[in-house]
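So the chains spell out like this:
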Amino acid sequence: MRARNRELFLLIPASLLVTAGFAGVFIQRSNVISNVSLTYGAIFLGLCLAGHIFLRITMPNADPFLFPLLAVLACFGVVMIYRIDPTLARQQAQWFVLGLVLMALTIIFFRDYRKLERYRYTIVAVSLGLLVLPRLPGIGYAANGAYLGVRIPGLFVFQPPEFAKIGLVIFLASYLRDTRQVLVMGGRRILGVTLPPIKHLGPIVVIWGLAMGILVLLSDIGTSMMFYGGLLAILYVATGRLSFVVIGALAFALGAWYLGTHIPHVHARFDDWLHTFDPSVYNGNKHNPVGSYQVANGVFAQAAGGLFGQGFGQSILTLPGGGPLIPFPQTDMIYAVITDELGLFGAVAVLVVYLLFIARGFKIATIARDSFSTLLATGLAAMFAIQVFVIVGGVTRVIPLTGVTLPFISYGGSSIVANCVLLALLLLISDRARRPTGP
Amino acid sequence: MNAQIIRVFGVIVVLFTLLIVWTTRWTVLEASSLNSNSLNRLTLIADLRIKRGRILAADGTTVLAQSVPAAGGTWSRYYPTKQLFAQPVGYLRASQGQAAGLERSDGADLRGLQTGLSSVFGQLSSNPVGDDVYTTLDPKAQQVAAQQLNGQAGSIVALDPRTGAIKAMYSNPTYDDNNPPFGSKDPNLTTFNRATQAGYPPGSTFKVVTAAAALDSGQFSPNSTVNGNSPVTISGVPLSNDNNQSFGPVDLTTALTYSVNTVWAQVGVQLGIPTMTNYMQRFGFYAKPPVDLPPVELSASAPFAPGSIKPYPPGSGREDIGRIGIGQGGLRVTPLQMAMVVAAVANGGKLMVPHLTARVVNPDGVTVKTINPNVYNQVMKPSTAQALTQMMTKVVEEGTGTAAQIGGVSVAGKTGTAEIGTQGSGLTEPWFIGFAPVDHPTVAVAVTVDKTQGGFGGTVAAPMASQVIQTLLSEGH
């Protein structure tokens, strides 16, 4: 089967899922299947079909699995958001359209994505600038104590780290393509581990500094971890030096521990994580005004889900007197809502879809023909994977909860659009790698 | 570089495995402990979506509690009878996790068969409805009880001695169960149910217990004579009759009719602590009443050491058994317990388990549960009960309880007037316990009024009991 036909075929489950999901929510709401549900399904199917036709024309050789996986995740996300708040779902659908447009534009303008390398210093400067934006007075704002957003009143709100992550991956992939040979030369073996010369530790020190900078600047350990993990993955793949990873992980743990105990907001998140069900932490206290209310109720929601979940639209999200029972169900806590309604099986299914998407990303990295492409695909896939780990891990209390989005599922324009661009880059790399050579 | 990429992917797979393990931990392994975590309000909120069944009076038409639609697809409770039935019916404030009375003790029935079954298709029913609870409470009798107390602090409990069905349970101060007075500093605004929670000195009504022990143990008969002179020394301290009146040698029937303290104190001493304790326990003392209300709303009736909040352990040698025999000696009893005492005598010595719930009816009108009469204890021999009934009939015919008489129906009973407050304050706790008709009793009642200024059981409480008994008899009970 040719790649694009396979893609078209794989879009069928996505469209069935969205239609069934909407129908489920409608049945729960009013005991009728309104034709609105079918309209929603049809619109989404139409969008996916349009995306597919565009890819069929522009990139016949691109990976056939990525786009259907995006469709499944995005469709599922819209159903979940619709179930939480129909207005948000309409907005999310618009963001999805914009995401597809940006994906198309990326593909058109960066058909030869290797020309990105030419702008690598511009890209890194812009990315670092984006990371600083949320701390600028007037436009930056904090949610739950973390500085992750920018608000231009009356115009828009967006999350710069979502875009910065792509820019930094591009830069590091390009930079290491040039220098990776140098970085693996020399070094002494101590206790069976090859230690690189001190001067070659430059990149890791820079990445570490960046992660710590993010932690200090944005007060968000999740975002910091996502950047560090993604960039460390590129460094490891580029150099093959396990010692970089070991040193890097230790350095990060040390830095995170030190800053975690000294930045009040980050410390409070650790407190919420470790003492979630302590009533004094739950309701917040002097040192931790927000409290573990959100994490605790997320875990309660998961417990209510059990193996099979309560069914679409059945979980309790609002207090009887109005107001949310779980704060931010459509963004931070959407995994808890999924688990509540679809149970362990539904949640694992979602994680498996993500893992398939990530696996395709790494697969593309292995078949890419030049090292820039390989490193770029590795970085994008790793960054995406760690983003999923950070938010799901936060909701399930594997790590402290921080405010990153669940890609393609969580409500949020920046997340959808940025991850569509990420997808476009992966598709571009795969199209190039899978293109038949020679006449 | 491919080997490294595969390793990186391996790490990612490990991380995702952690996510799955942790999700499993919350959804399966630790789910039940999380569901019962006190911080978890999901079950409570889910309860708000259930249309709980009604609570109805014995007539089947008077609604005591019902669900009314509230915001966001939830239900709230409305109590049409407000203050009148507040104590037995209780209240439910699901959003605050607070409930009392039958609303709490019959909560499982009122919620109905909501087993929390869920599946991939969602809950079996999205509009869950609970079962109706029919009580034994008689609206007319309850009304009369409230009228008789007329705002005075106190309590009236009436029940059917043959079955233990509670016909009336009213106490002052009461409250509007639509708006429970949580945290109110006003002592007259309280959810405290005096009928089952208050500890009052029973005064001479307790002589019925002493008399039952005396006759049933075989140590005394109604004709046994005891010296009724005043004072006598009990536990080393002189004890006198009212006005220090000396009766000379009197039989027990006369001693009960005129409530002679010195006689019954001597009887208590002669029976001794083990026998007295044995009979008290048979009547239900030293234990929470076996009624279908939440245990936190029930108090055990027993003698207490002065100033202590804990009763003596049963059979304690420190009890002043002589004074206990006349309802003093630190005795603190609930009105319900005294109703049980008199009901046991009325029912031939057989004490039935008191209950408020009669039956449970599901939304389709099918009775799913019926509360059958249950024997709590055979307290005394039927012959003892018969002899005691004759003695108590005399009390109403010619003794201290004449105010309880009803034209055309013979009533048996016992008065009590406990002195409370500081010596010489003149504060009393009037009591009357009684039943009717004497030959085939169908109504047993206990009445007490709190802190009257010199009121007597025979003048304050007996007329109230008479009215409640008349009401229930006229309704055909």
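Presented here is an overview of the structure given in this document. Every value quoted in this text rests on a predicted model; they were computed, and no experiment measured them.

Secondary structure summary: chain A contains 15 helices and five strands in total. Going through the 439 residues of chain A one by one, you find that 56% of them count as buried. Partitioning the contacts of chain A with sequence separation of at least 6, the portion at a separation of at least 24 is 71%.

Glancing now at the overall build of chain B. If you tally the helices and strands in chain B, you get 15 helices and 22 strands. With 477 residues in all, chain B has 53% of them scored as buried. Within chain B, residue pairs in contact and separated by at least 24 positions form 69% of the contacts whose partners lie at least 6 positions apart.

Right, let's get into the sheet that holds strand β17 (residues 367-370) of chain B. Residue and element names in this part refer to chain B. Strand order across the open sheet formed by six strands is β3-β2-β1-β6-β16-β17, with mixed pairing between neighbours. Strand pairing shows two members of the sheet lacking a second neighbour, β3 (75-78) and β17, which therefore form its edges. Sheet topology places strand β2 (residues 63-69) next to β3; four bridges connect them, and they run antiparallel. When the bridges of β3 are listed, S67 appears paired with R77.

Here we come to the packing of helix α8 (residues 221-239) of chain A against helix α14 (residues 371-395) of chain A. For any two helices packed against each other, one specifies the inter-axial angle together with the distance between the axes. All names here are of chain A. Contact geometry of α8 with α14 gives a least axis separation of 8 Å together with a crossing angle of 150°. The angle between the axes of α8 and α14 places the two elements in the roughly antiparallel class. The interaxial crossing formed by α8 with α14 has right-handed handedness. Facing G222, M225, M226, G229, G230, L231, A233, I234, V237 and A238 of α8, the residues of α14 in contact are L375, T378, G379, A382, M383, I386, Q387, V390 and G394. Counted by class, the contact of α8 with α14 contains twelve nonpolar, seven polar and no charged residues.

Taken together, the contacts link 39 residues of chain B with 49 residues of chain A. Elements that contribute at least two residues to the side of chain B that touches chain A include exactly α1 (2-29), α2 (31-35) and α3 (42-48) of chain B. By residue number, the principal contributor to the side of chain B that touches chain A is α1 of chain B, which donates 17 residues. Here the residues of the side of chain B that touches chain A sort into 23 nonpolar, 16 polar and no charged.

Residues and elements named next belong to chain B. As defined by bridge partners, strand β1 (residues 55-56) adjoins β2 across two bridges and the pair is classed as antiparallel. What sits directly across from I55, in β2, is A65. Linking β1 back to β2 in an antiparallel pair, the connection comprises six residues, with G60 at a positive phi of about 80°.

Here we take up helix α10 (residues 264-274) of chain A. Residues and elements named next belong to chain A. Where α10 is concerned, the buried positions are V266, A268, R269 and D272. The buried residues of α10 occupy an angular sector of 155° when projected down its axis, which confines them to one face. Packing partners of the buried residues in α10 comprise α7 (202-218), α8, α9 (242-262), α11 (279-282) and α12 (293-305).

Time to look at the packing of α14 of chain A against helix α15 (residues 413-434) of chain A. Residues and elements named next belong to chain A. Viewed as axis vectors pointing N to C, α14 and α15 meet at an angle of 145°, and their least axial separation amounts to 10 Å. Considering how the two elements wind past one another, α14 and α15 form a crossing that is left-handed. Within the contact between the two elements, α14 uses S373, L376, A377, L380 and F384 and α15 uses L422, L425, L426, I429, R432 and A433.

Residue and element names in this part refer to chain A. Its 25 residues place the ends of α14 36 Å apart at the C-alpha level, agreeing with the 36 Å of an ideal helix rising 1.5 Å per residue. Within α14, 24 of the 25 residues are buried, which leaves it mostly tucked inside the rest of the structure. One or two steps after α14, the chain reaches R397, where phi turns positive at roughly 65°.

Residue and element names in this part refer to chain B. Of the consecutive residues N172 and P173, the connecting peptide bond is found in the cis state with omega at -10°. Positionally, P173 belongs in the loop between β8 (166-172) and α8 (194-197). Here A436 and P437 are connected by a cis peptide whose omega angle stands at -15°. With respect to the helices, strands and loops of the structure, P437 is situated in the loop between β20 (427-436) and β21 (443-449). Not every positive phi belongs to a glycine, and S259 is a case in point at roughly 55°. Relative to the assigned elements, S259 resides in the loop between α10 (252-257) and α11 (261-283).

Let us look at the sheet that holds strand β1 (residues 140-143) of chain A. Residue and element names in this part refer to chain A. Spatial strand order, β1-β2-β3: three strands in an open sheet with antiparallel pairing. Either end of the sheet is taken by a strand with one partner, and the two such strands are β1 and β3 (156-158). Between one strand axis and the next, the sheet turns through 35° on average, direction left out of account. Sheet analysis places β1 next to strand β2 (residues 146-152), joined by four bridges and oriented antiparallel. Pairing of A143 across the sheet is with A146, part of β2.

Moving on: the pairing of strand β7 (residues 154-159) of chain B. Residues and elements named next belong to chain B. β7 sits mainly inside the fold: six of its six residues count as buried. Side chains of β7 alternate between two faces, with G154, I156 and A158 and S155, V157 and L159 buried alike. The sheet contact formed by β7 and β8 spans six bridges and is antiparallel. Note on β8: the bridge partner recorded for V157 is M169.

Cut-offs applied
Residues numbered from 1 in each chain as written. Chains lettered and ligands numbered in written order. Predicted model: local features only at pLDDT ≥ 70, side-chain atom pairs only at ≥ 80, totals over all residues. Helix = DSSP H or I, 4+ residues; strand = E, 2+ residues; numbered from the N terminus. Buried ≥ 20, exposed ≤ 12 C-beta atoms within 10 Å, placed from the backbone. Contact = placed C-beta atoms within 7 Å. Pairing = 2+ DSSP bridges. Axes fitted to C-alpha atoms, helices over the stretch in contact; angles between N-to-C directions. Parallel < 35°, antiparallel > 145°, perpendicular 65-115°, else oblique. Left-handed = near helix turned anticlockwise from the far one by under 90°. Nonpolar A, V, L, I, M, F, W, Y, C, P; charged D, E, K, R; others polar. Arc of directions from axis to C-beta. Expected span 1.5 Å × (residues − 1).

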